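Okay, here's what each chain looks like letter by letter:
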Amino acid sequence: MTRFAAALYERAGQVGERRRQIVHIMDAALDAVDPAKAVAAHLRRQENMLWVGERAYDLDAFRHVIVVGGGKAGAPMAQAVEAVLGDRITAGIVNVKYGYTLPTDHVQLCEAGHPIPDEPGRQGAQRIAALLSEAGAEDLVLCLISGGGSALMTLPSAPVTLAEMQALTDALLRAGATINEINTVRKHLETIKGGGLARLAYPAQVVTLILSDVVGNPLDVIASGPTVPDTTTYADAQEVLARYGLLVAAPASIRERLAAGRAGSIAETPKPGDALFERAHNVIVASNDIAARAALREAERLGFRTLLLSTFVEGEAREVAKVLVGIAREIHQSGSPVAPPACVVVGGETTVTVRGQGFGGRNQEMALMAALRLEGLPGVALACLATDGTDGPTDASGALADGDTMARARALGLDAWDHLERNDSYRFFEPLDDLLVTGPTNTNVNDLALLFAW
């Protein structure tokens, strides 16, 4: 059974058949990064021995087993850990996005805000910090990290307040800052990020299972690297804010903390070589490239010639769309770089510089620009998908554009350029029934764009 709303693919004739193919391929990609399956593939128990990949931990050597974490995939990850450890779990707190909870027995799930952090998230993060502060050398901490963990585990360092972090996060998002840049700032204004969780838990043994939502899977960037050495500095955080014209206007508490850190009067985040990381082990259990390759395998099964172009795609969503449409036109004209029927997959995470007051997300905006550029080109389609099921602040995971989108839009009186300029892509695709609606997928490994040519 597909995750996608039937209105997307219940079309007559060839259009419906092609859309059903697209849906099958997207479903396969999401299945491959199911968080519970990913954890189960890396975590197993044989009597009192816990295996994390090829590393073994003797459960009899630990007084307590503590589960903490945050992210959109936190609920199924917690369920999978409970299936392995059961009542050996002493205590557990994991922050998840609103609406992303599932039943758990030993790990408490705290719902919180994303992408803008909120008070329930701060309270959950405070409880995580308090729990870890009591851990000792004879304790094992299992940390579950997935996309969204940065916002969901926000614990500002005094004197910075939650309201100030909310405003700063929103300003950085609207300015088009990358997730790497945003996390650089967060690490130096908060307690848990940038190795802070490992510092709080030390000297306990810390094992972190990670569902990566960052291009290239850099451990120090995913959820702002709570259990790994931080390679960024207070100076880097200052420079990010200056780059987007936000440093001078930032609250005094933020400017003063960053200046004090740069001057050395506040301790830096823990760096490579710090002894505390000798007791920390990090394992990536699912990532964008796994989803992308699963999409390719399903496309091949359905008879497509395939190409994985990249899983490192970043940049302004509408500019990336232009590149992908250029590839579609090349395939249509010359059969290169892969001949029809073709499925070209790219992964990564784009950004949107918000200029209007519309409603949408980066994947919907990418699809909207693609629709404008694909107009009249037969037998092509571009599906832009956020693997977590929520693209920006919307209930859609993305949108589907093809060579007929513009004609159908005009028939409904929709002005595509107007919607694009107002960042109102959701309201463009909604009446066309071309939104990709899945509901929460409880996973998050960045975005996928799937380009089809028949």
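This structure is a prediction, so every number in the text was calculated from the model and none was measured.

Peer 1: In this structure, what is going on with empty space enclosed by the protein? I would like to understand it.
Peer 2: Rolling a probe over the atoms, with the probe sized like a water molecule, indicates the empty space that remains. If you walk through the whole model with that rule in mind, you get 1 cavity of 30 Å³ or more. If you add up the space inside the largest cavity, you get close to 80 Å³. What lines the largest cavity is Val313, Val320, Val346, Gly347, Gly348, Glu349, Thr350, Asn363, Met366, Asp447, Leu448 and Ala449. Broken down by secondary-structure element, the contributors of at least two residues to the lining of the largest cavity are strand S11 (342-348), helix H13 (362-374) and strand S15 (447-453).

Peer 1: Even after reading the chapter, I still don't get helix H4 (residues 119-133), so can you show me in this structure?
Peer 2: A turn of α-helix holds 3.6 residues, and therefore any two residues three or four places apart point the same way. Under the 1.5 Å per step criterion, the end-to-end length of H4 is 21 Å for 15 residues, consistent within 8% with the ideal 21 Å. Within the sequence span of H4, burial applies to Gly121, Gly124, Ala125, Ile128, Ala129, Leu131 and Leu132. Each buried residue of H4 lies within a common arc of 160 degrees when the element is viewed along its axis, so the set occupies one face. Where H4 is buried, its residues touch strand S4 (64-70), strand S5 (91-97), strand S6 (108-112), strand S7 (139-145), helix H5 (149-152) and helix H8 (196-201). Among the residues of H4, the N-terminal cap falls to aspartate 118, whose side-chain oxygen and the backbone nitrogen of glycine 121 are separated by 3.0 Å.

Peer 1: What's the story with the layout of surface pockets in this structure? I'm lost.
Peer 2: Counted as a void, the largest pocket has a volume near 1100 Å³. Along its surface, the largest pocket is lined by 50 residues, and Pro115, Leu173, Arg362, Gly392 and Pro393 are the ones closest to its centre. Among the secondary structure elements, those contributing two or more residues to the lining of the largest pocket are H5, helix H6 (162-175), helix H7 (179-187) and H13. Of the residues in the lining of the largest pocket, the class split is 15 nonpolar, 23 polar and 12 charged. Estimates place the volume of the second largest pocket at around 210 Å³. If you go around the second largest pocket, you meet 15 residues; those closest to its centre are Val15, Arg18, Val380, Asp402 and Asp404. When residues of the lining of the second largest pocket are traced back to their parent elements, those giving at least two are helix H1 (13-32), strand S12 (380-386) and strand S13 (398-402). For the lining of the second largest pocket, the element with the highest residue contribution is H1, accounting for 5 residues.

Reading guide: rules and limits
Residues numbered from 1 in each chain as written. Predicted model: local features only at pLDDT ≥ 70, side-chain atom pairs only at ≥ 80, totals over all residues. Heavy atoms only, no water. 1 Å grid on protein atoms, 1.4 Å probe; cavity = no way out; pocket = protein on both sides within 12 Å on 5 of 7 lines; lining within 4 Å. Points joined across faces, edges and corners; volume = space filled by probe spheres on them. Helix = DSSP H or I, 4+ residues; strand = E, 2+ residues; numbered from the N terminus. Expected span 1.5 Å × (residues − 1). Buried < 20%, exposed > 50% of the residue type's maximum accessible area, 1.4 Å probe, protein only. Arc of directions from axis to C-beta. Contact = heavy atoms within 4.5 Å. Polar contact = N/O pair within 3.5 Å; in protein donor to acceptor, adjacent residues only side chain to side chain. Nonpolar A, V, L, I, M, F, W, Y, C, P; charged D, E, K, R; others polar.

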